[in-house]
Amino acid sequence: MGFKGDFNIWKDFIKSVKKLDRANKAVSRKPQVRIGPDPEKNRLGSFIDNRKSMGNVKVEKLMRSEINKFKPKRSIDLHGYTRNIDNTLEIFCSKCILENSREILIITGKGSGIVKSATAHWLSSHPELIVGFFEIKDTMMESGAFGVKLRSK
C-alpha cells in the first residue's frame with residue numbers, strides 16, 4: 001500500500017474528529033438509577049462467551065484493495081495504557097461488532113512501543129473478533145495506529 005495510502009487514511013480520520021463543546025461543560029443531569037441487572041452488560045457478556053468457541057480461524061493480513069477502501073467508523077485511543085489492554089480491547093471490539101461497526105481505528109501512539117506490541121499481539125490472537133489488521137504509518141514511516149477489520153455478528 002505504501003505511505004500515501006496510510007497517510008490518506010490518517011488524514012480522513014483527523015477530518016472526522018470534532019472539538020469538544022466547552023459550553024455544555026457544567027450541565028447537570030440527574031443520575032439514572034437502574035434496578036436489576038444491566039441488559040447491555042448481559043448481552044455483551046453472552047456475545048463474548050459465544051465467540052470464544054470458534055474453530056481454526058486465523059487473523060489475516062489485509063490485502064491492499066481492502067486497505068485502500070478502509071474507512072473507520074469508530075476509534076479507541078490507548079495512550080496512557082500499559083500492557084494490560086486485553087479486557088479494554090475485547091469489550092471495545094465486541095461493542096463495535098454488535099453496533100455493526102466493522103472497521104475501527106486503534107490508536108496506540110509511538111512511544112516505546114510497549115502498547116503497540118501488546119496491541120498487535122492481542123489482535124493476532126483473537127480471530128473470533130478480528131478478520132485482519134494493518135499498521136498505519138505516518139510521514140516518518142512510524143506506526144502509531146492500527147486499522148482493524150472486525151467480523152460480523
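In this numbering scheme, every chain counts its residues from 1 along its sequence in written order. Given that this is a predicted model, residues contribute local features only at a pLDDT of at least 70 and side-chain atom pairs are listed and counted only at 80 or more, while totals for whole chains, interfaces and linings are drawn from all residues. The basis for every side-chain value is the complete set of heavy atoms in the structure, and neither hydrogens nor water enter the calculation.

Asks: Explain the nonpolar core to me, and be specific about the residues and the numbers.
Replies: Side chains that are nonpolar tend, in soluble globular proteins, to be buried together. Core analysis: the largest hydrophobic core is formed by 20 residues, its most contacted members being Ile104, Ile106, Leu123, Ile130, Val148 and Leu150. The secondary structure listing takes helices from DSSP runs of H or I that are at least 4 residues long and strands from runs of E that are at least 2 residues long, numbered from the N terminus. In terms of residue count, the dominant contributor to this core is helix H4 (residues 86-98) (5 residues). By the convention used here, residues are in contact when the closest approach between their heavy atoms is within 4.5 Å. If we skip the residues at most four places from it in the chain, Leu150 touches Cys93, Cys96, Ile97, Ser101, Arg102, Ile104, Leu129, Ile130 and Val131. Nonpolar core, defined: a set of buried Ala, Val, Leu, Ile, Met, Phe, Trp, Tyr and Cys residues in which side-chain atoms within 4.5 Å join the residues together. Relative accessibility thresholds used throughout: buried, under 20% of the residue-type maximum; exposed, over 50%; partly exposed, between the two (1.4 Å probe, protein chains only). By size, the runner-up hydrophobic cluster in this structure holds 10 residues, among which are Ile9, Ile67, Ile107 and Phe134.

Asks: Got a sec to walk through the sheet that holds strand S1 (residues 60-61)? Specific residues and values, please.
Replies: Being paired, for any two strands, means DSSP has found at least two bridges between them. If you walk across this open sheet you meet the 5 strands as S1-S4-S5-S3-S2, and the pairing is mixed. Among the strands making up the open sheet, the edge pair consists of S1 and strand S2 (74-77). Seen against the sheet, H4 touches S2, strand S3 (103-107), strand S4 (130-137) and strand S5 (143-150) and runs at an angle of roughly 170 degrees to S2. Axis angles are defined between N-to-C directions and span 0 to 180 degrees, where every axis is a line fitted to C-alpha atoms and, for a helix, only to the segment in contact.

Asks: I'd like to hear about H4, residue by residue, with values.
Replies: Between its first and last C-alpha, H4 extends 18 Å over 13 residues, near the 18 Å set by a 1.5 Å rise per residue. Residues of H4 that are buried include every one of Leu89, Glu90, Phe92, Cys93, Ser94, Cys96, Ile97 and Leu98, and no others. Immediately downstream of H4, the backbone of Asn100 shows phi near 60 degrees, a positive value. Here the expected span of a helix is defined as 1.5 Å times the quantity of residues minus one.

Asks: Which residues make up helix H5 (residues 114-124), and what values do they have?
Replies: Within H5, burial applies to Val115, Ala118, Thr119, Trp122 and Leu123. For H5, the angular spread of the buried residues around the axis is 135 degrees, confining them to a single face. Looking at the buried side of H5, the elements it contacts are H4, S3, S4 and S5. The arc refers to the directions leading from the helix axis to the C-beta atoms.

Asks: Run through the state of the cysteines, naming residues and quoting values.
Replies: Defined by distance alone, a disulfide is two cysteine sulfur atoms within 2.5 Å. Counted under the stated rule, the structure contains 0 disulfides. Of the cysteine sulfurs around Cys93, a residue in no disulfide, the closest is that of Cys96, at 6.4 Å.

Asks: Break down the packing of aromatic side chains for me, citing the residues and quoting the values.
Replies: Two aromatic rings from Phe, Tyr or Trp, using only the six-membered ring of Trp, form a pair when their centres are within 6.5 Å; if the ring planes differ by under 30 degrees the pair is stacked, by over 60 it is edge-to-face, and anything between is tilted. Evaluated as defined, the whole model comprises 2 aromatic pairs. Between the aromatic rings of Phe70 and Phe134, the centroid separation amounts to 5.2 Å while the plane-to-plane angle is 85 degrees, which identifies the pairing as edge-to-face. Here Phe70, found in the loop between helix H3 (64-68) and S2, pairs with Phe134, found in strand S4; they are 64 residues apart in sequence, far enough to count as distant. By the burial criterion, Phe70 is buried, and Phe134 matches it. Ring plane angle 70 degrees and centroid distance 5.8 Å describe the contact between Phe133 and Phe146, whose orientation is recorded as edge-to-face. Linking Phe133 in strand S4 with Phe146 in strand S5, this pair joins segments that are 13 residues apart in sequence. Each of the two residues, Phe133 as well as Phe146, counts as buried.

Asks: Give a detailed account of the pairing of S4, specifying residues and quantitative values.
Replies: Counting buried residues in S4 gives 6 out of 8 residues, a clear majority hidden from the surface. Both S1 and S4 contribute to a ladder of 2 bridges, which runs parallel. If you follow Glu60 over to S4, its bridge partner there is Gly132. Pairing of S4 with S5, which is carried by 7 bridges, proceeds in the antiparallel orientation. Bridging across to S5, Phe134 finds its partner in Gly147.

Asks: If you had to explain the environment of Leu150 to someone new, which residues and values would you point to?
Replies: Along the chain, Leu150 falls in strand S5. Separated by 49 residues in the primary sequence, Leu150 and Ser101 have C-alpha atoms spaced 7.9 Å apart.

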